[in-house]
Amino acid sequence: MDQAQAVIIGGGVGGTSIAYHLAERGWSDVLLVDRAELTSGSTFHSAGLVGQLRSSVTLTRMMMDSVALYRRLKAETGHDPAWHEVGSLRLASTPARLEELTRQAGWAKTFGLPLELIGPAAARDLFPLMSLDGVLGALFLPTDGWLDPSGLALALAAGARARGARIETGTRVVTVDVTDGRVTGVQVDHAGERRTIRTEVVVNAGGMFAPEIGRLAGVNVPIIPMAHEYLFTERIEGVTSSLPTMRDPDHLCYFREEVGGLCMGGYERHPAPWSLDGVPPDFNGKLLAPDWPRFAEIMDGAVQRVPPIADAGINRMINGPEAFTPDNEFILGESDVRGFFVAAGFCAHGIAGAGGIGQQMASWIVDGEPELDLWKMDIRRFGAQYRSQAYTLARTVEVYAHYYDIHYPNEERQSARPLRLSSAYGRLAELGAAFGEKSGWERPNWFTSNEPAGREDWRPRGWAGEHWSPAIGAEALATRTTAGLFDESSFAKIEVTGPGAAVFLGRLCANEVDRPIGSIVYTQMLNQRGGIETDFTVTRLAGDRFLIVTGTAVGNHDLGWIRKQLADDEVARGRVQVSDLTSALSCLGLWGPNARTILASLTRDDVSDAGFPYLSARRITVGHVPLLALRVTYVGELGWELYPPSEYGATLWDTLWAAGAEHGLTACGYRAIDALRLEKGYRVWSSDITPDETPYEAGLGFAVRLDDPQGAVREFIGRDALVRAKAAGPRKRLRCLVLDDRRSVCLGNEPVRIANTIVGRVTSGGYGFAVERSIAYAYLPPDQAAIGTHGEIEVFGEWIGFEVAAEPLFDPTGERIRA
């Protein structure tokens, strides 16, 4: 019987890169199999453009790692991926697009990318064939380029083979063997002969075939093949091999040189999903018939930007299916089936990211975790709703159709809504809720009925003023002065039960959770590097029962992290159960100076400070509604989170709303929560804190207990790394920055400089309505993080002064939350 350390399914750029990087990490017994030949899926018909600056810090780093690899592959492997480092242009043909480019230029400074914002004439000097009609400016990045996708895959395959990896083509995986939730092997068919390969690691790098491969292991991979078109022209006078690539998103098109002519394609507004019933078994190395009517809007835009294309002969049209995901991000990582990894859904930029994908996947497989924060690409981000192909299709078509749009912060998706509704949804709608969506839940961003109480002169300048309402400020101030009522039913709720629950959670949590029944503990779970993997509260409901409450968007992540640790814990398995209670419980947040008065009028239970202290939980009855009440806050005010069974949610809202009328109770949305939490310095996981930072660096050392109350060492995941980090001192410190200009509001990723040197980037920002200041958070070097330090943040091309401030800005002694 054959065996391997890892079996990789799929011989495109993703699979070959993972094989290359696993072999580089010392895994010499790696087997890559492909149903046909290498590159015969989507790789062979990809356009090959490589752009490094992307929409997230992690993705940009992966693209930069890719370019570093592509530069050396020829010399290392002897196989030429035809890397052309000719640079790239990205045009702005509207004022809004120029704002976007200005923001990106600032962002690039934090990476050290040599990105330059240039004028129209300078852009035409680099790409002489272009028309300057409507062009307002451009970004030029000289280290971008393009390559031959098939040549890249073959070079990676050669590098993998040189380190001992095996590659078998014409070999189809027909079964993935799973025992007790873990991969144990695969069965393959080669020329009609079947054999079993024993392995503990299977990587699904099947591209558009990934959903089919996933089903073999019982894993859903939400991917839709989308027909993507581009063409090659005949030779055009003036086109040289040094011509940079060029993107004109306002005209939906991109260009690069190809044998003296141009390769031109784009992303049309009316996309074409393909083969929704499954990719045909014999669709290997094939293309689709040209669809000229669908390509017409791209051609029209291309001719406007590069007029010579109109008279150039067309060599050929490429129409090939590419695997797209519902959010236009890669699908990477280990699934709920242990040992079954996925690296697929590359959304037509897998060529640019293949090197980084392979590097991160190899770390994930070998070390148990990636080097970077990959949550936005993690397969676990997709909830159960993505088992519906209709839902997945609607979301995927939407992201493809708007691929080149300007995406303002706080933009909301519109497709396949509404889906998940809280019990109080009807009440919220009646009050004029402006709904947003997260993880399928409809959630109020703000209430239009509160807009008259707000002020238009609060509106931030520029992009921060898009998708904004004066109601946000009105709701935030109402919570500070009277009381706010928030529907937080979308919060993820995870129950951990069983005789081993306390010991199990103690091994995962950096804080001590083995405390008296009714205690609430704020804690993080860490990775082996001491980085923050989860950030939430743990409430002890009984000796063997705990409730975890975490953010809507990260519920699947946190649940997956906990279940992964449980699967690896031989002692806890069978003694601990982990359940998702998100849909079983509603959650209403009641906060503000009048919160106790409102609640006390509705219950016979003692809600005084003595009877119900801060960070404690009780079962009480409110009106007719039995519920679990947690005295905790994410807004920095006296109050409670109230958790009734979901069928009581609407009644609880009505009860609180009626009682609160005479006490100034205001219906509030999630945008007010964000403003309130900034004033209190409460962190957001995935922006302010990530797997790359330790609690000490994030200012959360107060939530770490290295030892138990008796002084004995607490053994928890990441402790050793924390001890080393504490001894060495922080690499950086998260600091609160108060901007000089109140209406210049940061959105995240803006460059931060001190003494004319870039020292970091903004993690999150917003406006604090109670303190009347623009607030940003950023990691700074320890020697430049002192309170009172002055510096500047670049907000859309303008450097705005700031001061490092002591936090929290509002109620620094915490008197209000403990009132």
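Each remark here, short or long, concerns the structure printed above.
Caption draft 1: Layout of the overall build of the chain. When helices and strands are counted, the chain shows 17 helices and 39 strands. Relative to the compact-globule value of 28 Å for 819 residues, the chain shows a C-alpha radius of gyration of 27 Å, a close match. Seen along its three principal axes, the alpha-carbon backbone of the chain occupies a region of about 80 × 65 × 50 Å. For the chain, the proportion of its 819 residues judged to be buried stands at 62%. Intrachain contacts of the chain at a sequence separation of at least 6 include 71% that bridge at least 24 residues. With the model as given, the accessible surface of the chain reaches about 29,600 Å², and the carbon-plus-sulfur share is 49%. Averaging the positions of the 80 positive and the 102 negative side-chain charges in the chain gives two centres separated by 4 Å.

Caption draft 2: Representation of unusual backbone geometry in the model. Pro418 follows Arg417 through a cis peptide bond whose omega is -5 degrees. As for its position among the elements, Pro418 is in the loop between α9 (389-401) and α10 (425-430). The omega angle of the peptide bond from Glu807 to Pro808 is 0 degrees, so this bond is cis rather than trans. Position of Pro808 among the secondary structure elements: in the segment after β39 (798-805). Positive phi values are uncommon outside glycine, yet Asn756 reaches one of about 65 degrees. In this structure, Asn756 sits in the loop between β35 (751-754) and β36 (757-768).

Caption draft 3: Looking closely at the packing of aromatic side chains. In this structure the tally under the stated criterion is 26 aromatic pairs. Counting every residue linked through ring pairs, the aromatic cluster contains Tyr254, Tyr267, Phe324, Tyr400, Tyr403 and Tyr404. Here the guanidinium or amino end of Arg618 rests over the ring plane of Phe612, the centre of that ring lying 5.5 Å away.

Caption draft 4: Broad picture of the sheet that holds strand β11 (residues 182-190). Across the sheet, which stays open at both edges, the 4 strands sit in the order β1-β12-β11-β10 with mixed pairing between neighbours. The open sheet has two free edges, formed respectively by β1 (2-3) and β10 (171-179), since each of these has just one partner strand.

Caption draft 5: The arrangement of the sheet that holds strand β38 (residues 790-795) in detail. Spatial ordering of the closed barrel is given by β34-β37-β36-β35-β38-β39, a layout of 6 strands whose pairing is antiparallel. Adjacent strand axes in the sheet meet at a mean angle of 40 degrees when their direction is disregarded. Where β38 and β39 come together, 6 bridges link them in antiparallel fashion. In the sheet register, His790 faces β39, and the bridge partner there is Glu803. Sitting on the sheet, helix α16 (residues 670-680) is in contact with β36 and β37 (773-780), with an inclination near 125 degrees to β36.

Caption draft 6: Examining the state of the cysteines more closely. Tallied over the full model, the rule gives 0 disulfides. Looking at Cys263, it has no disulfide partner, and the nearest cysteine sulfur is the one in Cys253, 12 Å off. By relative accessible area, which is 0% here, Cys263 ends up buried. Free of any disulfide, Cys509 has its nearest cysteine sulfur in Cys587, 20 Å distant.

Caption draft 7: View of the nonpolar core. Formed by 48 residues in total, the largest nonpolar core has its most connected members in Ile8, Leu22, Tyr70, Leu152, Phe330, Leu332 and Met361. Of all the elements in the fold, those that place two or more residues in this core are β2 (6-9), α1 (13-24), β3 (30-33), α2 (57-77), α5 (149-162), β20 (340-344) and α8 (350-367). Broken down by element, this core gets its largest block of residues, 8 residues, from α8. Each residue touching Tyr70, except ones within four places of it in the same chain, is listed here: Val50, Pro81, Trp83, Leu147, Leu152, Ile351, Ala352, Gly353, Ala354 and Gly355. Ile9, Leu31, Val33 and Val186 belong to the second-largest nonpolar core, a separate cluster that totals 35 residues.

Caption draft 8: Local environment of the side chain of Gln52. For Gln52, the location among the structural elements is in the loop between β4 (49-50) and α2. A distance of 2.8 Å separates a polar atom in the side chain of Gln52 from a polar atom in the side chain of Asp144.

Caption draft 9: The pairing of strand β15 (residues 245-248), seen in detail. Covered by surrounding structure in β15 are Thr245 and Arg247 together with Met246 and Asp248, the residues of both alternating faces. Judged from the 3 bridges that link them, strand β5 (residues 88-92) and β15 form a sheet pairing that is parallel. Bridged to Leu89 within β15 is Met246. In this sheet, strand β16 (residues 253-258) lies alongside β15 in antiparallel orientation, the contact comprising 3 bridges. Considered in β16, the bridge of Met246 is made with Phe255.

Caption draft 10: Structural detail: the packing of α1 against α5. Packing of α1 against α5 leaves a shortest axis separation of 8 Å and a crossing angle of 25 degrees. In terms of axis orientation, α1 runs roughly parallel to α5. As α1 packs across α5, the resulting crossing turns out to be left-handed. For the pair α1 and α5, contact is made by Val13, Thr16, Ser17, Ala19, Tyr20 and Ala23 and by Pro149, Leu152, Ala153, Leu156, Ala157, Gly159 and Ala160, respectively. Residue classes in the contact of α1 with α5 are distributed as 10 nonpolar, 3 polar and no charged.

Caption draft 11: Structural detail: α1. The end-to-end C-alpha separation of α1 is 16 Å, in line with the 16 Å expected for 12 residues at 1.5 Å each. Residues Val13, Gly14, Gly15, Thr16, Ser17, Ile18, Ala19, Tyr20, His21, Leu22 and Ala23 constitute the buried set of α1. Once α1 ends, the next one or two residues include Gly26, with phi positive near 100 degrees.

Caption draft 12: Region of interest: the environment of Ser40. The topology assignment puts Ser40 in the loop between β3 and β4. When sequence neighbours within four positions are dropped, the list of residues in contact with Ser40 reads Asp34, Asn284 and Gly285. Among the polar contacts made by the side chain of Ser40, one reaches the main-chain carbonyl oxygen of Glu37 at a distance of 2.7 Å.

Caption draft 13: Just the packing of helix α11 (residues 471-481) against α16, in detail. Axis separation between α11 and α16 bottoms out at 8 Å; the angle between their running directions is 55 degrees. In terms of their interaxial angle, α11 and α16 are classed as oblique. Crossing of α11 against α16: the hand is right-handed. Along its contact with α11, which presents Ile472, Glu475, Ala476, Thr479 and Arg480, the element α16 presents Arg671, Ala672, Leu676, Glu679 and Lys680. Residue composition of the contact of α11 with α16, by class: 4 nonpolar, 1 polar and 5 charged.

Caption draft 14: Spatial organisation of the pattern of salt bridges. Per the stated rule, a full pass over the model turns up 54 salt bridges. Asp692 is paired through a salt bridge with Arg61; the nearest N and O atoms lie 3.9 Å apart. Of this pair, Asp692 sits in the loop between α16 and α17 (719-728) while Arg61 sits in helix α2, and the two are 631 residues apart along the sequence. Note that Asp674 is salt-bridged to Arg677, the shortest N-O span being 3.0 Å. Residue Asp674 and its partner Arg677 are both found in helix α16; the two are separated by 3 residues, about one turn of the helix.

Caption draft 15: A look at the pairing of strand β32 (residues 639-643). Burial analysis of β32 places 5 of its 5 residues in the buried class, the great majority of the element. As defined by bridge partners, strand β29 (residues 588-591) adjoins β32 across 4 bridges and the pair is classed as antiparallel. Counted as the bridge partner of Trp591 is Gly639 from β32. As paired elements, strand β31 (residues 625-630) and β32 share 3 bridges and run antiparallel to each other. In the sheet register, Ala629 faces β32, and the bridge partner there is Leu642.

Caption draft 16: Region of interest: helix α12 (residues 501-508). With 6 of its 8 residues buried, α12 lies for the most part within the structure. Packing partners of the buried residues in α12 comprise β24 (492-497), β25 (520-526), β26 (532-542), β27 (545-550) and α13 (555-568).

Rules of the game
Residues numbered from 1 in each chain as written. Predicted model: local features only at pLDDT ≥ 70, side-chain atom pairs only at ≥ 80, totals over all residues. Heavy atoms only, no water. Helix = DSSP H or I, 4+ residues; strand = E, 2+ residues; numbered from the N terminus. Rg over C-alpha atoms; globule rule 2.2 N^0.38 Å. Buried < 20%, exposed > 50% of the residue type's maximum accessible area, 1.4 Å probe, protein only. Contact = heavy atoms within 4.5 Å. Areas by Shrake-Rupley, 256 points an atom, 1.4 Å probe, with all protein chains shown as cover. Lys, Arg positive; Asp, Glu negative; His and termini not counted. Charge placed at Lys NZ, Arg CZ, Asp CG, Glu CD. Phe/Tyr/Trp six-rings, centres within 6.5 Å; stacked < 30°, edge-to-face > 60°. Lys NZ or Arg CZ within 6 Å of the ring centre and 35° of its normal. Pairing = 2+ DSSP bridges. Axes fitted to C-alpha atoms, helices over the stretch in contact; angles between N-to-C directions. Disulfide = S-S within 2.5 Å. Core = buried A, V, L, I, M, F, W, Y, C linked by side-chain atoms within 4.5 Å. Polar contact = N/O pair within 3.5 Å; in protein donor to acceptor, adjacent residues only side chain to side chain. Parallel < 35°, antiparallel > 145°, perpendicular 65-115°, else oblique. Left-handed = near helix turned anticlockwise from the far one by under 90°. Nonpolar A, V, L, I, M, F, W, Y, C, P; charged D, E, K, R; others polar. Expected span 1.5 Å × (residues − 1). Salt bridge = Lys/Arg side-chain N within 4 Å of Asp/Glu carboxyl O.

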